[in-house]
Structure formats: C-alpha cells, structure tokens
Amino acid sequence: MADCLFCGIIEGKIKGDIVYRDDRIVAFRDVRPQAPVHILIVPVKHVAMLSDVQKEDYELIGAIHGVANRLAEKEGVAKGGYRIVVNCGANAGQTVFHIHFHLLGGRHFSWPPG
Ligand code: DGP
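Here the residue numbering is sequential within each chain, running from 1 through the sequence in written order. This being a predicted model, a pLDDT of at least 70 is required before a residue's local features are given, and a value of 80 or more before pairs of side-chain atoms are given or counted; all residues contribute to the totals for chains, interfaces and linings. Water and hydrogen atoms were dropped before computing side-chain values, which therefore reflect all heavy atoms in the structure.

(A) Expanded view of the overall build of the protein chain. In terms of regular secondary structure, the protein chain is built from two helices and five strands. Each helix corresponds to a stretch of at least 4 residues labelled H or I by DSSP, and each strand to a stretch of at least 2 residues labelled E; elements are numbered beginning at the N terminus. Secondary structure elements of the protein chain occur, N-terminal to C-terminal, as α-β-β-β-α-β-β. Here the C-alpha radius of gyration of the protein chain, 14 Å, is about what a compact globule of 114 residues would show, namely 13 Å. By principal-axis analysis of the C-alpha atoms, the protein chain measures approximately 35 × 30 × 25 Å. As defined in this context, the radius of gyration uses C-alpha atoms, and a globule is described by 2.2 Å times the residue total to the power 0.38.

So, in structure tokens, the structure goes:
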C-alpha cells in the first residue's frame, strides 16, 4: 500500500534490518528497541490493525506466531521467556498502521504493562 512504512520495508524501498522473510511474512528489527531483542513480525498483506483481521487471515496470524517462536529460539530468548505484543488502535499506542507483532526478549518484563 502506498505511503505505508512497513510495506516500504517489505518491498525494500525503505531500509530495514530484515531477519526473516518468506512469501507471506517478514520480520525486521525495531528501530527503537525496547529490549535486547525487539523484532517486528508483519504479514506481507497490508492489514492495518488487529481489529481488521478477517477469518481468512486466521491461518496467517497463526503462522506469524510460529515465526515468532522460531525467532525467539534463534535469538536465544526462548528459554528465559519472551513477550509478543500487538498494539491495536490509538489507546494501545499503535503508531504504524500495518499490523505488526512485537517480539520482545532478553530482559524481565513487568505486568501490568504501562
Ligand atoms: P506500534 O507503537 O505498536 O505501532 O509500534 C511501531 C514500532 O515501529 C515502534 O516500536 C517503532 C517501530 N518503527 C517506527 N518506524 C520504524 C522504521 O522506520 N523502521 C523500523 N525498523 N521500525 C520502526
């Protein structure tokens, strides 16, 4: 989609530190990391936000979690524990409107989140 930052990274028009790619899913390091490991996992398909996910996308969303698990292993944070975050909408702090799954690891996370 034109003017979408993450579509730009997926298409290679905008620089991104890509750590995983297949035909449906791309993962790249967050430019403002909040933990030693902070990777954004996104579908190639432009879906703006979690609330826009349709039934036809359910398998894709599951596959994204599979990629997250594999990246957590690869990055060495699987054993210690990690967090997957999806911010949906303004109150949740979503700033980029191409759905993305934050994979955060490498430190202790408190609960509840801020
Ligand atoms: P959210 O607040 O959930 O919409 O998260 C958006 C994330 O995107 C935030 O952690 C910072 C990251 N981000 C913003 N601009 C860029 C960029 O140009 N490149 C990369 N790699 N990450 C970005």
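(B) Representation of the side chain of D30 within the structure. Inspection of the secondary structure assignment puts D30 in the loop between β2 (25-29) and β3 (37-43). For D30, which is buried and forms no salt bridge, the nearest opposite charge comes from R32, at a distance of 5.5 Å. N or O atoms closer than or at 3.5 Å make up a polar contact, with two conditions inside protein: a donor-capable atom paired with an acceptor-capable one, and, for residues adjacent in sequence, both atoms drawn from side chains. Of the polar contacts made by the side chain of D30, one reaches the backbone nitrogen of R32; its length is 2.7 Å. Excluding residues within four positions of it along the chain, D30 makes contact with H38, I39, L40 and H102. Burial classification: accessible surface area is computed with a 1.4 Å probe over protein chains only, and a residue below 20% of its type maximum counts as buried, one above 50% as exposed, and the rest as partly exposed. We treat Lys and Arg as the positive residues and Asp and Glu as the negative residues; His and chain ends play no part in the count. Salt bridge, as used here: a side-chain nitrogen of Lys or Arg that lies within 4 Å of a carboxyl oxygen of Asp or Glu. Should any heavy atoms of two residues lie within 4.5 Å, those residues are considered in contact.

(C) Structural context of the layout of surface pockets. Residues are said to line a cavity or pocket when one of their atoms sits within 4 Å of a point; the points come from a 1 Å grid over protein atoms alone, cavities being sets where a 1.4 Å probe fits but cannot get out and pockets being open sets with protein on both sides within 12 Å along at least five of seven lines. Grid points are joined across faces, edges and corners, and a volume is the space filled by probe spheres set on the points. Looking at the largest pocket, its volume works out to about 900 Å³. Around the largest pocket, the lining comprises 34 residues; the ones closest to its centre are D30, Q34, H38, N87 and H102. If you list the elements that add at least two residues to the lining of the largest pocket, you get α1 (5-10), β2, β3, β4 (82-85) and β5 (101-105). Three categories are distinguished: nonpolar for Ala, Val, Leu, Ile, Met, Phe, Trp, Tyr, Cys and Pro, charged for Asp, Glu, Lys and Arg, and polar for the others, with Gly belonging to the last. When grouped by side-chain class, the residues that make up the lining of the largest pocket number 16 nonpolar, 11 polar and seven charged.

(D) Main features of the site of the ligand. Near, as used in this document, describes a residue that has one of its heavy atoms within 4 Å of the molecule or strand being considered. Neighbouring the ligand are 16 residues; D30, N87, G93, T95 and H102 lie closest to it. Note that a nitrogen atom of the ligand is positioned 2.9 Å from one of the backbone N or O atoms of R29. Spatially, the ligand is embedded in the largest pocket. If you list the elements that add at least two residues to the shell around the ligand, you get α1 and β2. Considering each element in turn, the shell around the ligand owes the most residues, three residues, to α1. Tallied by class, the residues present in the shell around the ligand amount to seven nonpolar, six polar and three charged. A molecule is said to be in a cavity or pocket once over half of its atoms fall within 2 Å of that pocket's grid points.

(E) Expanded view of the packing of aromatic side chains. When the centres of two rings from Phe, Tyr and Trp lie within 6.5 Å, Trp using its six-membered ring, the rings pair. Their planes under 30 degrees apart give stacked, over 60 give edge-to-face, and anything left gives tilted. One pass over the structure, following the stated rule, counts one aromatic pair. Ring geometry for F6 versus F28: centroids 5.1 Å apart, planes at 70°, classification edge-to-face. Note that F6 is positioned in helix α1 and F28 in strand β2, a separation of 22 residues in sequence. Residues F6 and F28 agree in their burial class; the two are buried.

(F) Layout of unusual backbone geometry. Following W111, the chain continues into P112 via a peptide bond in cis, with omega recorded as 5°. Along the chain, P112 falls in the segment after β5. Positive phi, normally seen in glycine, also occurs at D3, with a value near 70°.

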